[in-house]
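# Commentary on secondary and tertiary structure
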Amino acid sequence: MVFYIAKDYSPYTGIRHCDTSDFSGEDFYHTKLNAAFKEAFEKKEKLTLVLDGSKDGYAPSFLDEALGNLVYDFGEENVRNHVEIVSERESQWPAMLYQRTYPEWEKRRIDQNPPVQTASHPAWYRLVNGKIECKVWN
């Protein structure tokens, strides 16, 4: 399963939270990435996340928030096993996500330090005790 952020979400992206920018990492996670990952996870497939094609590149906080929320909801090991980050244009992003974002957000998950929500979001998926649940998480 391949997801092109620039085509399947927006060619322009913002920063971390909904209350500070349009097309934020928080919004991308809740409107697109969470459901796409859930589908790939259930099918035991990889979700290839293509970063190329954006009109203005990505703020590090956009990627950190989107992929960090994914780690928080599904666990680092599952995200590593089911997500491939691809970028020919900005090769630093995969390394940053794998080496910094994933471990930092896994620690947050273990410490039960939930992500900040700056907008109301419809129910989203989370892996709990080996089963996927869908609800509005606080």
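The rules behind each value
Residues numbered from 1 in each chain as written. Predicted model: local features only at pLDDT ≥ 70, side-chain atom pairs only at ≥ 80, totals over all residues. Heavy atoms only, no water. Pairing = 2+ DSSP bridges. Helix = DSSP H or I, 4+ residues; strand = E, 2+ residues; numbered from the N terminus. Axes fitted to C-alpha atoms, helices over the stretch in contact; angles between N-to-C directions. Contact = heavy atoms within 4.5 Å. Salt bridge = Lys/Arg side-chain N within 4 Å of Asp/Glu carboxyl O. Buried < 20%, exposed > 50% of the residue type's maximum accessible area, 1.4 Å probe, protein only. Parallel < 35°, antiparallel > 145°, perpendicular 65-115°, else oblique. Left-handed = near helix turned anticlockwise from the far one by under 90°. Nonpolar A, V, L, I, M, F, W, Y, C, P; charged D, E, K, R; others polar.

Through backbone hydrogen bonds, the strands of a sheet pair up, either in parallel or in antiparallel fashion. Taken in spatial order, the three strands make up an open sheet running β1-β2-β3, and their pairing is parallel. In this open sheet, the two strands that pair with only one neighbour each are β1 (2–4) and β3 (83–86). For this sheet, the mean inter-axis angle between neighbouring strands, taken without regard to orientation, is 20°. As defined by bridge partners, β1 adjoins strand β2 (residues 47–50) across three bridges and the pair is classed as parallel. Note that in β2 the partner of V2 across the bridge is T48. Here helix α2 (residues 25–42) sits on the sheet and contacts β1, β2 and β3; the angle it forms with β2, its principal contact strand, is near 145°.

The final tally for this structure, using the stated rule, is nine salt bridges. K107 is the partner of D111 in a salt bridge, and the nearest nitrogen-oxygen pair spans 2.6 Å. By relative accessible area, K107 is classed as exposed at 51%. Beyond isolated ion pairs, a larger network of salt bridges with shared partners links R16, D64 and E65.

It is the contact of helix α3 (residues 60–74) with helix α5 (residues 92–110), at a shortest axis distance of 9 Å, that shows an interaxial angle of 50°. If you check the angle between α3 and α5, you find them oblique. Judged by the sense of rotation from one axis to the other, the crossing of α3 with α5 is right-handed. From α3, P60, L63, D64, E65, L67, G68, N69, V71 and Y72 reach across to α5, where they touch W93, M96, L97, T101, Y102, W105, E106, R108 and R109. Grouping the amino acids of the contact of α3 with α5 by side-chain chemistry returns 10 nonpolar, three polar and five charged.

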